[in-house]
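Listed here are the chains, written in short residue letters.
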Amino acid sequence: MITIKDYEYLKTLISDIPQAEALLERLREYHLFTIHQISHEVRNALTLVGGSLQMLEVYTPSVRELPYWSQLEEDVSSAQALLDGLSQYNNSTTLSIRTFNMNYFLKSLALSFAASITDSQTTFTSRISSQITTYEGDALKLRKALLNLLKNAVEAAPEGSVTLHASHLENGIQIEIKDDGRGITKEQLLHIFEPFATYKSTGTGLGLPLSRNTILAHGGTLDIVSTPGHGTLARVFLPIQKKGCEETTGNSA
């Protein structure tokens, strides 16, 4: 199977051959289109299955008492969630660019995320530089990408702490999301950006690849630094320029 690293390596090999670069891009687009077609058809079939299950419950309520009925419904829902994730991953590099207030965007993200984990035992703290002002990008896609990183951090530190620190650099914005959870091994780090590679009991393995695709599409970078037993740091860089620091704290204990 061709991995993301294989694709990037191939791209560097042919970087000085315009025709080969164009061909590689067309192959990538065709690959994404094929994924879209397959996921669309499978989603339609699953929608029909889900609808049939609901109709059975309406006309024969006793089916709810059958062994494995609830598991069947859960399996269908999981498959639909996987296809939704695949669709989001497939479209993660298609951007709708507009100018927005990045400072307000990050503060709103931090506040809403803190509110979403009030029932957990994780402590969340954010620090966002007031030097960060306007930014041109896809706010919806960036929100999804950063929420994926925050969600991963909370799942890695269910009784620990998670921090979000956004700072203004000379040539861009740096966003660091850090947890003090279990960490990731060197072997796992080699594969974390590969679609469907997951080391959790739940999840599709598409969150990190989606986040990385979106950030790369903005001309940025996503680096993951981790040590088993000492937590994980996700560092996002978004190229830009632009001035203090305010702190928003949410404790979900």
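Okay, so let's go over this structure. As the structure is a prediction and not an experimental result, all values here were calculated from the model.

### Brief notes about the overall build of the protein
No. 1: On a plain count of helices and strands, the protein comes out with seven helices and eight strands.
No. 2: Looking at the protein as a whole, 38% of its 253 residues qualify as buried.
No. 3: Total accessible area on the protein is roughly 14700 Å²; 57% of this is exposed by carbon and sulfur atoms.

### Notes on the nonpolar core
No. 1: One finds Met102, Leu106, Phe124 and Ile175 to be the most contacted residues of the largest nonpolar core, which totals 37 residues.
No. 2: Grouped together as the second largest cluster of nonpolar side chains are six residues, Leu46, Leu53, Val76 and Leu83 included.

### Some words on a nonpolar patch on the surface
No. 1: The grouping of Tyr9, Leu10 and Leu13 at the surface amounts to a nonpolar patch, some 320 Å² of accessible area in total.
No. 2: Residue Leu10 is classed as partly exposed on the basis of its relative accessible area of 38%.

### Digging into the pairing of strand 7 (residues 232–239)
No. 1: Along strand 7, six of the eight residues are buried, which leaves the element largely enclosed by surrounding structure.
No. 2: Examined bridge by bridge, strand 5 (residues 172–179) and strand 7 share eight bridges and lie antiparallel to one another. From the neighbouring strand, Ile175 faces strand 7, where its bridge partner is Val236.
No. 3: Here six bridges tie strand 6 (residues 221–226) to strand 7, and the two strands are oriented antiparallel to one another. By the bridge assignment for strand 7, Leu222 is matched with Val236.
No. 4: Hairpin connection from strand 6 to strand 7: five residues lie between these consecutive antiparallel strands, with Gly229 at a positive phi of about 85°.

Calculation rules
- The numbering scheme is per chain: residues are counted from 1 as the chain's sequence reads.
- Side-chain atom pairs in this predicted model are given and counted only at pLDDT of 80 or more, local residue features only at pLDDT of at least 70, and totals for whole chains, interfaces and linings cover all residues.
- Note: side-chain values were computed over all heavy atoms of the structure, leaving out hydrogens and water.
- Numbering of helices and strands starts at the N terminus; helices are DSSP runs of H or I of at least 4 residues and strands are runs of E of at least 2.
- Using a 1.4 Å probe on the protein chains alone, a residue whose accessible area is under 20% of its type maximum counts as buried, one over 50% counts as exposed, and one in between counts as partly exposed.
- Only the protein chains shown count as cover for residues, and all accessible areas are computed by the Shrake-Rupley method using a 1.4 Å probe.
- Here, the term nonpolar core denotes a set of buried Ala, Val, Leu, Ile, Met, Phe, Trp, Tyr and Cys residues that are joined through side-chain atoms within 4.5 Å.
- Only residues whose relative accessible area exceeds 30% and that form no salt bridge are eligible for patches; like-charged ones are grouped when within 9 Å, while nonpolar side chains (Val, Leu, Ile, Met, Phe, Trp, Tyr) are grouped when within 5 Å.
- Just to be clear on terms, a salt bridge is a Lys or Arg side-chain nitrogen sitting within 4 Å of an Asp or Glu carboxyl oxygen.
- Pairs of strands are assigned from DSSP output, requiring at least two bridges between the strands.

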